[in-house]
Amino acid sequence: MSYDTNNVFAKILRGEIPCDKVFEDDWALAFRDIAPQAPVHVLVIPKGDYVSLDDFTAKASDAEIAGFYRAVGKVARELNLDTPGYRTLANTGDHGGQEVPHLHVHLFGGKPLGPMLAR
Ligand code: AMP
């Protein structure tokens, strides 16, 4: 799947639509999900044009991958989620239920989150 430069997260990265930003560095941008599913629900996205985790792990440089995943950890620590704990989730493709075709890691926390998947 080729990258759609008009997807909503591409527009957020270009500053064309607003977001509730919680973190930004050279590799990643993190902002609050518009429809939170936990007391803390943040999306962390890479700065580069990657459709999904599959696309990212196939094409991104080691520096991009390291920078992005370090940012995920930093966001969690900055939101004080590291000690109580948190959950990350990257929906990928149709069976993964991915809606926005720019890689995003969901970061959930703020309460005990229960079983891993809805049954
Ligand atoms: P996914 O199903 O993994 O692709 O998740 C997409 C997520 O993006 C959903 O949780 C949406 O609520 C969220 N979302 C969509 N548009 C926006 C937006 N403009 N700002 C913040 N979050 C958004």
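Read on for an overview of the structure. The structure presented is a predicted model; accordingly, all values stated were derived computationally and were not measured.

1. Digging into the site of the ligand
As a matter of local geometry, the ligand sits amid 16 residues, with D33, N91, E99, H104 and H106 nearest to it. Take E99: an N or O atom from its main chain is 2.6 Å from an oxygen atom of the ligand. In the environment of the ligand, an oxygen atom lies 3.0 Å from a nitrogen or oxygen atom belonging to the backbone of V100. Considering the ligand on its own, with 510 Å² of exposed area, one finds that the protein chains cover 84% of that surface. A majority-of-atoms criterion places the ligand in the largest pocket. Among the secondary structure elements, those contributing two or more residues to the shell around the ligand are helix 1 (8–13) and strand 2 (28–32). Take the shell around the ligand: its biggest share by element is three residues, from helix 1.

2. Topic: unusual backbone geometry
Unusually for a residue other than glycine, N80 sits at a positive phi of about 60°. In this structure, N80 sits in the loop between helix 3 (62–78) and strand 4 (87–89).

3. Comments concerning the pairing of strand 5 (residues 105–109)
Taking burial as the measure, the five residues of strand 5 include five buried ones, the bulk of the element. Neither face of strand 5 is open: one carries V105, L107 and G109, the other H106 and F108, and all of them are buried. Across five bridges, the pairing between strand 3 (residues 40–46) and strand 5 is antiparallel. Bridge assignment links L43 to a residue of strand 5, and that residue is H106. By the bridge criterion, three bridges tie strand 4 to strand 5 in an arrangement that is antiparallel. Bridging across to strand 5, L89 finds its partner in H106.

4. Here's the deal with the pattern of salt bridges
Tallying each qualifying case throughout the model produces six salt bridges. K47 serves as the salt-bridge partner of E24, at 2.9 Å between the closest nitrogen and oxygen. With a gap of 23 residues between them, E24 in strand 1 (residues 21–24) and K47 in the loop between strand 3 and helix 2 (53–59) connect regions that are remote in the sequence. Note on E24: relative accessible area 40%, which makes it partly exposed. Residue K47 is classed as partly exposed on the basis of its relative accessible area, which comes to 30%. Between D25 and K74 there is a salt bridge, with its nearest N and O atoms 3.9 Å apart. Here D25, found in the loop between strand 1 and strand 2, pairs with K74, found in helix 3; they are 49 residues apart in sequence, far enough to count as distant. Three or more residues are tied together by salt bridges with common partners; here these are K21, E24 and K47.

The rules behind these values
Residues numbered from 1 in each chain as written. Predicted model: local features only at pLDDT ≥ 70, side-chain atom pairs only at ≥ 80, totals over all residues. Heavy atoms only, no water. Near = heavy atom within 4 Å. Polar contact = N/O pair within 3.5 Å; in protein donor to acceptor, adjacent residues only side chain to side chain. Areas by Shrake-Rupley, 256 points an atom, 1.4 Å probe, with all protein chains shown as cover. 1 Å grid on protein atoms, 1.4 Å probe; cavity = no way out; pocket = protein on both sides within 12 Å on 5 of 7 lines; lining within 4 Å. Sits in = over half its atoms within 2 Å of the grid points. Helix = DSSP H or I, 4+ residues; strand = E, 2+ residues; numbered from the N terminus. Buried < 20%, exposed > 50% of the residue type's maximum accessible area, 1.4 Å probe, protein only. Pairing = 2+ DSSP bridges. Salt bridge = Lys/Arg side-chain N within 4 Å of Asp/Glu carboxyl O.

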